[in-house]
Amino acid sequence: MKLHIYEHCPFCVRALMIFGLKKLPFEVSVIMEGDAETPTRMVGRKVVPILEKDDGTYMPESMDIVRYVDGLAGPRVADAPVDEAIKQWCESVSAPLFDLVIPRFTEGDFAELATPEARRAYTAREENAFGDLAALRAQTPALLEQVNAQLAALEPLVAERHTVDTTDFILFPLLRSLTIVKGAAFGPQTQAYIARVSAQTQVALLSDQAK
């Protein structure tokens with residue numbers, strides 16, 4: 001199987017997580033930013049992740065991929081309902097979190113941004129969605145204040161999370177994205193959670209790129 005992704009993409013992280021958990025062999029193929037032809041040829045629209053199955057068919061949508069791969073080997077890990085408190089936390093932090101991470105993603109060291117043309121295409125796409133990225137950068141102190149308050153509230157919610165389940169496919173990709181932000185105040189419980197899920201899923205963090 002081959003998984004077509006962007007390295008920065010939190011939805012792609014979900015698909016990477018399930019392969020890591022199941023320890024199944026797969027190939028990673030990075031689609032360049034600005035390349036609409038490749039995903040459109042596969043699934044009819046520009047989207048990632050895309051799973052290319054062994055029979056040559058393609059599957060988009062991150063959680064559909066998770067559920068499919070989850071059923072290929074071993075006991076299922078993504079069949080429980082999402083923890084409602086953590087779902088609400090993710091929804092409440094999403095706007096300021098992405099305002100922080102998107103400008104940093106456009107500057108990041110990702111394979112899909114390996115050419116100037118690809119980086120320009122991605123930057124233009126995000127400016128169209130989020131507006132002036134330099135202005136967002138300038139809001140970092142205020143955004144960090146909001147996100148760090150939410151991170152403090154997350155501490156008791158992750159304290160008892162020891163086994164990966166459906167909820168983690170929602171929560172971990174957001175927190176992994178946030179590791180690219182210098183000054184994100186992960187508490188001890190959240191730090192331990194991020195490190196554990198990263199190790200179990202074999203999905204690297206972005207801490208070495210934090211700015």
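Residues numbered from 1 in each chain as written. Predicted model: local features only at pLDDT ≥ 70, side-chain atom pairs only at ≥ 80, totals over all residues. Heavy atoms only, no water.

The protein appears in an unreviewed UniProt entry as Glutaredoxin 2 from Cronobacter muytjensii.

1. Re the domain arrangement of the protein
The domain boundaries assigned to the protein delineate domain 1 (2-71) and domain 2 (84-209). For domain 1 and domain 2, the distance between their C-alpha centres works out to 20 Å. The interface of domain 1 with domain 2 comprises 20 residues on the first partner and 27 residues on the second. Interface area for domain 1 against domain 2, summed over the two sides, is near 1900 Å², with a carbon-plus-sulfur share of 69%. Together, H8, M17 and E33 form the three largest contributors to the area buried by domain 1 at its contact with domain 2, with a combined 35%. (Domains from an automatic or database assignment. Contact = heavy atoms within 4.5 Å. Buried area = accessible area lost by both parts, 1.4 Å probe.)

2. Some details on the pairing of strand β1 (residues 2-5)
Judged from the four bridges that link them, β1 and strand β2 (residues 27-30) form a sheet pairing that is parallel. Among the inter-strand pairings, L3 is bridged to a residue of β2, identified as V28. (Pairing = 2+ DSSP bridges. Helix = DSSP H or I, 4+ residues; strand = E, 2+ residues; numbered from the N terminus.)

3. Description of helix α3 (residues 62-70)
Where α3 is concerned, the buried positions are S62, M63, I65, V66, V69 and D70. Seen end-on, α3 carries its buried residues on one side only, within an arc spanning 155°. (Buried < 20%, exposed > 50% of the residue type's maximum accessible area, 1.4 Å probe, protein only. Arc of directions from axis to C-beta.)

4. Thoughts on the packing of aromatic side chains
This model, assessed by the stated rule, comprises two aromatic pairs. Ring geometry for F19 against F26: centres 4.2 Å apart, planes inclined by 20°, an arrangement best described as stacked. Consider the rings of F105 and F110, whose centres lie 5.9 Å apart with planes at 90°: the pair is edge-to-face. As far as burial versus exposure is concerned, F105 and F110 are alike and both buried. The positively charged end of K53 is found above the aromatic ring belonging to Y68, 4.3 Å away from the centroid. (Phe/Tyr/Trp six-rings, centres within 6.5 Å; stacked < 30°, edge-to-face > 60°. Lys NZ or Arg CZ within 6 Å of the ring centre and 35° of its normal.)

5. Here's the deal with the UniProt feature "domain: GST N-terminal" (unreviewed entry) in the protein
Listed under "domain: GST N-terminal" (unreviewed entry) in the UniProt record, and renumbered for this structure, are residues 1-77. Taken as a whole, residues 1-77 contains 38% helix and 18% strand, while its terminal C-alpha atoms sit 20 Å from one another. (UniProt positions renumbered as here; feature names shortened; annotations may be inferred.)

6. Some details on the nonpolar core
One finds V101, L151, L171, L175 and L178 to be the most contacted residues of the largest nonpolar core, which totals 58 residues. Elements that contribute at least two residues to this core include exactly β1, α1 (10-22), α3, α4 (84-106), α6 (133-138), α7 (140-158), α8 (168-178) and α9 (188-201). With 10 residues, α4 is the largest single contributor of residues to this core. Split by domain, this core shows at least three residues from each of two domains, domain 1 (2-71) and domain 2 (84-209). Apart from the residues within four sequence positions on either side, L151 is in contact with W89, L175, L178, A184, A185, F186 and T190. (Core = buried A, V, L, I, M, F, W, Y, C linked by side-chain atoms within 4.5 Å.)

7. A look at the pattern of salt bridges
Counted under the stated rule, the structure contains 11 salt bridges. In this structure, the salt-bridge partner of R41 is E37, at a minimum N-O distance of 3.6 Å. Placement of the pair is R41 and E37 together in helix α2 (residues 37-43), with a separation of four residues, close to one helical turn. Its relative accessible area of 51% is what places R41 among the exposed residues. Bridged by salt links that share partners, the residues E107, R137 and K211 form one connected network. (Salt bridge = Lys/Arg side-chain N within 4 Å of Asp/Glu carboxyl O.)

8. So, the sheet that holds strand β4 (residues 58-60)
Pairing within the open sheet is mixed, and its four strands lie in the order β2-β1-β3-β4. With one partner strand each, in any of the chains shown, β2 and β4 form the two edges of the open sheet. Geometrically, the sheet is characterised by an average inter-axis angle of 25° between neighbouring strands, direction not taken into account. Contacting β1, β3 (50-52) and β4, α3 runs over the sheet at an angle of about 125° to β4. (Axes fitted to C-alpha atoms, helices over the stretch in contact; angles between N-to-C directions.)

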